[in-house]
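# Summary of the model geometry
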Amino acid sequence: MLKFHVKHLMLLSLLSAFLLPALAQKMYRCPGAGGSTTFTDTPCAAGSGLEVTVKPSGGAAPAQAKPDPQTRGAMDKRNAEYNALLTPECRRAREAFMAKTQQKDGVQELMKEDDPISKAWSACTFGAKEALEKLNAQDRARVDADERKRNEQSRITQRKLECATKQKALDDSNARIKQLSEQDIRAVAALTADIQLNCR
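Treat the numbers as computed from the prediction; the structure is a model and nothing was measured. Starting from 1, residues in each chain are numbered consecutively following that chain's sequence as written. Side-chain atom pairs in this predicted model are given and counted only at pLDDT of 80 or more, local residue features only at pLDDT of at least 70, and totals for whole chains, interfaces and linings cover all residues. Side-chain measures here rest on the full set of heavy atoms in the structure, leaving out hydrogens and waters.

Moving on to the state of the cysteines. Each disulfide consists of one covalent bond between the sulfur atoms belonging to two cysteines. We call a pair of cysteine sulfur atoms a disulfide whenever their separation is within 2.5 Å. Counted under the stated rule, the structure contains two disulfides. The disulfide bridge from Cys90 ends at Cys124, spanning 2.1 Å between sulfur atoms. Judged by the torsion about the S-S bond (-95°), the Cys90/Cys124 disulfide is left-handed. With Cys90 in helix α3 (residues 88-101) and Cys124 in the loop between α5 (116-122) and α6 (125-175), this pair connects stretches of sequence that are 34 residues apart. Here the two residues Cys90 and Cys124 agree in accessibility, since each one is buried. Across the disulfide from Cys163 sits Cys199; the S-S distance is 2.0 Å. A torsion of -85° about the S-S bond marks the disulfide between Cys163 and Cys199 as left-handed. By the criteria applied, helices consist of DSSP H or I runs no shorter than four residues and strands consist of E runs no shorter than two, each listed in order from the N terminus. Residue exposure (1.4 Å probe, protein chains only): buried if accessible area is under 20% of the type maximum, exposed if over 50%, otherwise partly exposed.

Attention now goes to helix α2 (residues 69-85). Expected helix span is taken as 1.5 Å per residue step, with the number of steps being one fewer than the number of residues. In this model, α2 (17 residues) spans 24 Å end to end at C-alpha, consistent with the 24 Å of a helix rising 1.5 Å per residue. Along α2, the positions that sit buried rather than exposed are Glu81, Tyr82 and Asn83. We call two residues in contact whenever any of their non-hydrogen atoms come within 4.5 Å of each other. Where α2 is buried, its residues touch α3, α5 and α6.

Fitting a line to C-alpha atoms yields each axis, with helices limited to the stretch in contact; the angle taken between N-to-C directions then spans 0 to 180 degrees. Running from N to C, α2 and α3 point in directions that differ by 135°, and their axes come no closer than 8 Å. Relative to α3, α2 is oriented oblique. For the pair formed by α2 and α3, the contact residues are Asn79, Tyr82, Asn83 and Ala84 on the first element and Arg91, Arg94 and Glu95 on the second. Considering only residue class, the contact of α2 with α3 consists of two nonpolar, two polar and three charged. Should an angle fall under 35 degrees it is called roughly parallel, over 145 degrees roughly antiparallel, and 65 to 115 degrees roughly perpendicular, with every other angle called oblique. Following the grouping adopted for this structure description, the nonpolar residues are Ala, Val, Leu, Ile, Met, Phe, Trp, Tyr, Cys and Pro, the charged ones are Asp, Glu, Lys and Arg, and the polar ones are all others, Gly among them.

Joining through side-chain atoms within 4.5 Å is the link that ties buried Ala, Val, Leu, Ile, Met, Phe, Trp, Tyr and Cys residues into a set, and such a set is a nonpolar core. By size, the foremost hydrophobic cluster in this structure holds eleven residues: Tyr82, Leu86, Cys90, Ala93, Phe97, Leu110, Trp121, Cys124, Ala128, Ala131 and Leu135. Secondary-structure elements contributing two or more residues to this core are α3 and α6. Contacts of Cys124, omitting those with residues within four sequence positions, involve Cys90 and Ala93. Within the second largest apolar cluster, six residues are counted, among which are Cys163, Leu170, Val188 and Ile195.

Mean pLDDT over the chain: 77, with 68% of residues reaching 70 or higher. As a per-residue quantity, pLDDT reports the predictor's confidence and falls between 0 and 100. Here residues 56-62 is modelled with pLDDT under 50, and outside its nearest four sequence neighbours on either side it reaches 20 contacts, counting other chains as well.

Bringing the side chain of Thr101 into the picture now. Mapped onto the secondary structure, Thr101 falls in helix α3. With a relative accessible area of 9%, Thr101 lands in the buried category. Side-chain polar atoms of Thr101 contact the backbone oxygen of Met98, separated by 2.6 Å. We define a polar contact as two N or O atoms separated by no more than 3.5 Å, with the added condition that, inside protein, one atom must be a possible hydrogen donor and the other a possible acceptor, whereas residues neighbouring each other in sequence contribute only through side-chain atom pairs.

This part takes up the pattern of salt bridges. Think of a salt bridge as a Lys or Arg side-chain nitrogen and an Asp or Glu carboxyl oxygen that are within 4 Å of each other. Inspection of every chain in the model, using the stated rule, returns ten salt bridges. The partner of Glu109 in a salt bridge is Lys100, with the nearest N and O atoms 2.5 Å apart. A relative accessible area of 27% means that Glu109 is categorised as partly exposed. Notably, a salt bridge pairs Arg155 with Glu152, separated by 2.7 Å at the nearest N-O pair. Of this pair, Arg155 and Glu152 both sit in helix α6, three residues apart, which is roughly one turn of the helix. Through salt bridges that share partners, Arg78, Asp139 and Arg142 make up one connected network.

The structure is reproduced here in structure tokens:
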């Protein structure tokens, strides 16, 4: 019966967030003695556990359709940004961990308690979490900046439309200025001042 510790599941879950190709496999989270938790490939006794999904325990990752160049470029950029936020040691540990998952029986070996690659990447968990949080903060900042830019562009477009409408009204009034009443002439003067102030 296949069992592994929670930290290994966390590591694999973290990797899955970075688009590692793999198939899903049914696993079960079972309560153990003293409040411990174990994971197994068979249902828990008396139906006491929860079904979860993890990466397969053996074999190379299956071939998948290649993403289009734009998506691939975005993925590569994101990966480079993430790597840049890691220490050199953690960057090497992550690369080794990811490479191992692509090997035959690699994931199964990573689940072993004494696996050095798993230990090295596990030691980087805090730094990896910080890097991911920083990337997410940068994403939010970019989204906010884009939203401000769109709002400003919308305001500019709206002001241009309003000014075009005012200018047309002014041109129409000036074309028949001799037929306008004194009150209308004052309105034309006010409209002219408004255009000069807000539409230049």
